[in-house]
Amino acid sequence: AQSVSQHNHHVILSEAASLELGCNYSYGGTVNLFWYVQYPGQHLQLLLKYFSGDPLVKGIKGFEAEFIKSKFSFNLRKPSVQGSDTAEYFCAVNAADRGSTLGRLYFGRGTQLTVWP
Amino acid sequence: IAGITQAPTSQILAAGRRMTLRCTQDMRHNAMYWYRQDLGLGLRLIHYSNTAGTTGKGEVPDGYSVSRANTDDFPLTLASAVPSQTSVYFCASSDSGDGANVLTFGAGSRLTVL
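So, here's what we can say about the structure. Worth saying up front: this structure is predicted, and the values here are computed from it rather than measured. Counting of residues starts from 1 at the beginning of each chain's written sequence and follows it residue by residue. Naming scheme: in the order in which they are written, chains are lettered from A and ligands are numbered from 1. Restriction of local features to residues with pLDDT of at least 70 applies here, the model being predicted, together with a cutoff of 80 or more for giving and counting side-chain atom pairs; totals for whole chains, interfaces and linings are based on all residues. Side-chain calculation: all heavy atoms of the structure are included, whereas hydrogens and water are not.

## Quick look at the interface of chain A and chain B
Inclusion rule: Contacts are assigned to residue pairs that have any heavy atoms within 4.5 Å of one another. A quick way to say it: buried area is the sum, across both parts, of accessible area lost when two parts are put together, with a 1.4 Å probe. Whenever a carboxyl oxygen of Asp or Glu lies within 4 Å of a side-chain nitrogen of Lys or Arg, that contact is scored as a salt bridge. Here a polar contact means two N or O atoms within 3.5 Å. Within protein one must be a hydrogen donor candidate and the other an acceptor candidate, and residues neighboring in sequence count only if both atoms are side-chain atoms. Every helix listed is a DSSP run of H or I at least four residues long, and every strand listed is a run of E at least two residues long, numbered separately from the N terminus.
Taken together, the contact pairs 20 residues of chain A with 23 residues of chain B. Interface area for chain A against chain B, summed over the two sides, is near 1,700 Å², with a carbon-plus-sulfur share of 59%. The largest share of the area that chain A buries against chain B comes from Arg104, Phe107 and Arg109 of chain A, three residues that together contribute 29% of it. Viewed at the interface, chain B and chain A are joined by zero salt bridges. Where chain A meets chain B, there are three residue pairs in polar contact (both at pLDDT 80 or more). At the level of secondary structure, the elements contributing two or more residues to the side of chain A that touches chain B comprise strand S5 (31-38), strand S6 (45-50), strand S10 (87-95) and strand S11 (105-107) of chain A.

## Some points on the environment of leucine 105 of chain A
Summarising the element assignment, leucine 105 of chain A is placed in strand S11. Residues within four places of leucine 105 of chain A in sequence aside, it is in contact with Phe34, Tyr36, Ala92, Val93 and Asn94 of chain A together with Tyr35 and Leu103 of chain B.

## Topic: the state of the cysteines
Residue and element names in this part refer to chain A. Our working definition: To count as a disulfide, a pair of cysteine sulfur atoms needs to be within 2.5 Å. For every residue, the accessible area obtained with a 1.4 Å probe (protein chains only) is divided by the maximum for its type, and the residue is called buried under 20%, exposed over 50%, and partly exposed between those limits.
Applying the stated rule across the entire model yields two disulfides over all chains. Here cysteine 23 pairs with cysteine 91 through a disulfide, and the sulfurs are 1.9 Å apart. Classification of the bridge connecting cysteine 23 and cysteine 91 rests on its S-S torsion, roughly -65 degrees, and on that basis the disulfide is left-handed. Residue cysteine 23 is found in strand S4 (residues 23-25), and its partner cysteine 91 is found in strand S10; the two are separated by 68 residues along the sequence. Each of the two residues, cysteine 23 as well as cysteine 91, counts as buried.

## Some thoughts on the environment of asparagine 50 of chain B
Along the chain, asparagine 50 of chain B falls in the loop between strand S5 (42-49) and strand S6 (56-57). A C-alpha to C-alpha distance of 6.8 Å links asparagine 50 of chain B and serine 96 of chain B, two positions 46 residues apart in sequence.

## Digging into the pattern of salt bridges
Applying the stated rule across the entire model yields seven salt bridges over all chains. Between glutamate 66 of chain A and arginine 77 of chain A there is a salt bridge, with the nearest N and O atoms lying 3.2 Å from each other. Of the two residues, glutamate 66 of chain A sits in strand S8 (residues 64-68) while arginine 77 of chain A sits in strand S9 (residues 73-78), which places them eleven residues apart along the sequence. Exposure remark for glutamate 66 of chain A: the relative accessible area of 28% places this residue in the partly exposed category. Given a relative accessible area of 22%, arginine 77 of chain A falls into the partly exposed group. For arginine 44 of chain B, the salt bridge goes to aspartate 38 of chain B, with nearest N and O atoms at 2.9 Å. A cluster of three or more residues bridged by salt bridges with shared partners is formed by Lys58, Glu64, Glu66 and Arg77 of chain A.

Written as structure tokens, this is what we have:
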């Protein structure tokens, strides 16, 4: 079965600090990769996604993520965080080439980011 | 505004009772999903449906059932609720079931089973 690991459960930063959240997955085939964000009291929404092409993808609000196939990683980055980035961040993976689990998105356990002013 | 509507938003339920969480989407998406979100465990897929008339089991299907009689509705039923089913339940949909499309999530239903 596929699995998704997010290394940090809770990250606390000051405004303007740089952010990197780790995400690793276990599946050797072709994958689609996602980062979702859940702001306090809201539902999940897409931050960015990778299907193919340039492994460095840019999302909303200045976030970016880099797919490193050899490391099975898809880390999320932002050069300078703001208080409004306080939220829970979920990495998710889908096997793009496996019929039996096609369409099934596997989520990591989430990383709670708190940004202090 | 197009999207997903879940009901109820919150419910307290006695163990052993039957409960149906409703989910309706107006985007004509083919695929729909039910996830539960638990602290420290992230989101886990309960059941899914790639198209109307078909359903499949996710990671944690036991104690839950779903139906997909039409494109828009995907209710989740707990036949006999247990305290371990206390969770926040999210319904989601996507344009297709092949994972190449982004999931749109509902606002969630918070269920407490006593």
